[in-house]
Amino acid sequence: MKKQRVIATMLTLCLAVSVVGCGKKEISNEYVKISQYKGVEVEKVAVKKATDEDVTNYIQAKMAEQTKDVTGRELRKGDLAQVEYTGKLKSTGKVFDQGTLTLGNGEQYVDGFEEGIYGHKLNETFDLPIKFPEGYGGLQQPELSGADVIFTIKITGIKEKAYTELNDEFVKAVSKKSKTVEEYQKEVKKEIEKLNKKQADTELRGNAWNEVIDKAEIKKYPEKRLKEKEKTIEEQFKKLVKQSYGISYEDYLKQSGQTEADFKKQVKSMAKESLKPALVAELIAKEEGLEISDKKMKEEMKTFAKDNGYPNVDTLVELNGKDMVTEAILQNKIMEWLADNCKQVESKKEDKEDKKDKEDKKENKTDKKSK
């Protein structure tokens, strides 16, 4: 009888405190405190169903990818063309732009440019006069505003669509499973639903993670790690400026109107923003036994590099820094765990609307009684 009373008392207490969060688990260490992470409530994520329109759009995009080389005719609208170009001011002959582009992939160009290339043949070189509109070039190249220019064009490749209609021949060319159009449409529908499920899972992981981050409080930052992260961010930024703009870090500061102190302040803020998720993930990993061994981390880094388009782990680490990579891998693992252990609820917006509807109905009943 005593045991039963004890259990009954415990259940009563649990039910009583559940109103204010029975089951919530607060964890902390020297650097961070997390008020709740396991069983955190997040907005329910519905998996979108694949519609007939989705299937049609997918197949049309697939058809557009199937091309064949053109050699015996001129370029026409609907083709894909590889083009080399050099743009010069007509008045001075000064080169203002040069490079390569793909024509016909949906990019928008100044009036007359794309139209002026149609009708020419493969490997043909020709001049194309264009008048830029007022304001073209903006603040960076004001001399181009309203200017007459000459583009020297060479078409280095022409491709046309290999298939213009959906048929069994196209299906056999693009699918290893399907032989007919009907079979392929079913295959595509399953593929879209698989992608939709993956997208929903990603969204749920993000929602659960953001909820936990919002409930986490930084007590203090580990100074050594913060300094290292500041150094990494600064080095990466300087590389990016050099590669993207071809200018030095000092020239970038001058052109952007920043002082070095302003820049350092931004870097410190970015370092803190980057370090908080790492500290949260590490604390949860330790609490739940989700830490990754050195051997396992090496395997995870290979997978991470492949999944994110890096040729190998060395390139991944060189461009991002080892700490950044290992932190991202652990964070992904924790995000998956949080999603698996979260509680999905209806959106707060829907809850508010339901509550308002109930209040409105209650008011209507009161009005009727008073009448």
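Everything that follows concerns the structure shown earlier in this document.
Everything quoted here is computed from the prediction, not taken from an experiment.

Cut-offs and rules
- Residues numbered from 1 in each chain as written.
- Predicted model: local features only at pLDDT ≥ 70, side-chain atom pairs only at ≥ 80, totals over all residues.
- Heavy atoms only, no water.
- Helix = DSSP H or I, 4+ residues; strand = E, 2+ residues; numbered from the N terminus.
- Buried < 20%, exposed > 50% of the residue type's maximum accessible area, 1.4 Å probe, protein only.
- Contact = heavy atoms within 4.5 Å.
- Areas by Shrake-Rupley, 256 points an atom, 1.4 Å probe, with all protein chains shown as cover.
- Polar contact = N/O pair within 3.5 Å; in protein donor to acceptor, adjacent residues only side chain to side chain.
- Pairing = 2+ DSSP bridges.
- Core = buried A, V, L, I, M, F, W, Y, C linked by side-chain atoms within 4.5 Å.
- Expected span 1.5 Å × (residues − 1).
- Arc of directions from axis to C-beta.
- Axes fitted to C-alpha atoms, helices over the stretch in contact; angles between N-to-C directions.
- Parallel < 35°, antiparallel > 145°, perpendicular 65-115°, else oblique.
- Nonpolar A, V, L, I, M, F, W, Y, C, P; charged D, E, K, R; others polar.
- Phe/Tyr/Trp six-rings, centres within 6.5 Å; stacked < 30°, edge-to-face > 60°.
- Salt bridge = Lys/Arg side-chain N within 4 Å of Asp/Glu carboxyl O.

Moving on, we get to the overall build of the protein. Helices and strands together make up the secondary structure of the protein, namely 12 helices and 10 strands. Residues counted as buried form 28% of the 371 residues belonging to the protein. Sequence-distant contacts in the protein: of pairs separated by 6 or more residues, those separated by 24 or more amount to 69%. Accessible surface, the protein: about 25,500 Å² in total, of which carbon and sulfur atoms supply 48%.

In this section: the side chain of E327. Mapping E327 onto the fold places it in helix α11 (residues 322-340). In this structure the side chain of E327 is engaged in a polar contact, spanning 3.1 Å, whose partner is the side chain of R225. Setting aside chain neighbours within four positions, we find E327 in contact with R225, K229 and A278.

On to the sheet that holds strand β2 (residues 32-34). An order of β1-β2-β9 is seen for the three strands of this open sheet, with the pairing classed as antiparallel. The sheet is open, and its two borders are formed by β1 (27-28) and β9 (216-218), each paired with just one other strand. Relative to β9, β2 runs antiparallel, the two sharing three bridges. Note on β9: the bridge partner recorded for V32 is I218.

Note: strand β4 (residues 67-69) against strand β8 (residues 148-161), three bridges, orientation antiparallel. From the neighbouring strand, K68 faces β8, where its bridge partner is E160. Across 10 bridges, strand β5 (residues 80-89) lies against β8 in antiparallel orientation. When the bridges of β8 are listed, Q82 appears paired with G157. The pairing of strand β7 (residues 125-131) with β8 spans seven bridges and is antiparallel. Its bridge partner being in β8, D127 is matched across the sheet by T152.

It is worth spelling out the nonpolar core at this point. In terms of nonpolar packing, the biggest core is built from 46 residues, with I34, V280, I284, I334 and L338 touching the most fellow members. Elements represented by at least two residues in this core include exactly β2, α5 (181-214), α6 (223-245), α7 (249-256), α8 (260-288), α9 (294-307) and α11. Here L338 is in contact with Y37, A208, W209, V212 and I284, once residues within four sequence places are set aside. Among the nonpolar cores identified, the runner-up in size contains 23 residues, and V70, L89, F132 and L144 belong to it.

Attention now moves to α5. Taking 1.5 Å of rise per residue, the 34 residues of α5 would be expected to cover 50 Å, and the 49 Å separating its terminal C-alpha atoms lies within 8% of that figure. Among the residues of α5, those classed as buried are V181, Y184, V188, I192, N196, A200, L204, G206, A208, W209, V212 and I213.

For helix α2 (residues 52-65), built from 14 residues, the straight-helix expectation of 20 Å at 1.5 Å per residue is met to within 8% by its first-to-last C-alpha distance of 20 Å. Listing the buried residues of α2 in full gives V55, I59 and M63. Buried residues of α2, seen end-on, are gathered within an arc of 70° and therefore sit on one face of the element. Opposite the packed face of α2, turned more than 90 degrees from it, sit the exposed residues E53 and E65. Tucked into the core, α2 has its buried residues touching α4 (168-174) and α5.

Relative orientation of the contacting elements α2 and α5 amounts to 105°, with a least axis distance of 9 Å. With respect to α5, the element α2 is oriented roughly perpendicular. Each of D54, V55, Y58, I59 and K62 in α2 lies in contact with α5, whose residues at this interface are Y184, Q185, V188, K189, E191 and I192. Here the residues of the contact of α2 with α5 sort into six nonpolar, one polar and four charged.

Counted under the stated rule, the structure contains 13 aromatic pairs. Between F113 and F151 the ring centres are 5.1 Å apart and the planes differ by 75°, which places this aromatic pair in the edge-to-face class. Pair noted here: F113 is in helix α3 (residues 113-117) and F151 is in strand β8, with a separation of 38 residues, a long-range link. Judged by relative accessible area, F113 falls into the buried class, the value being 3%.

So, on to the pattern of salt bridges. Scanning all chains against the criterion turns up 22 salt bridges. Here K268 ties to E230 by a salt bridge, and the two come within 3.2 Å at their closest N and O atoms. Separated by 38 residues along the polypeptide, K268 in helix α8 and E230 in helix α6 bring together distant segments of the chain. Look at K268 and you get partly exposed, because its relative accessible area is 30%. Here E230 falls in the buried class, since its relative accessible area comes to 13%. As a salt-bridge pair, K296 and E300 come within 3.8 Å of each other at their nearest N and O atoms. Of this pair, K296 and E300 both sit in helix α9, four residues apart, which is roughly one turn of the helix.

What follows concerns the environment of N308. Mapped onto the elements, N308 comes out in the loop between α9 and α10 (313-320). Among the polar contacts made by the side chain of N308, one reaches the main-chain carbonyl oxygen of F304 at a distance of 2.8 Å.

Even without a glycine there, the phi angle at N123 is positive, about 70°. Within the element layout of this structure, N123 appears in the loop between α3 and β7. Its relative accessible area of 48% is what places N123 among the partly exposed residues.

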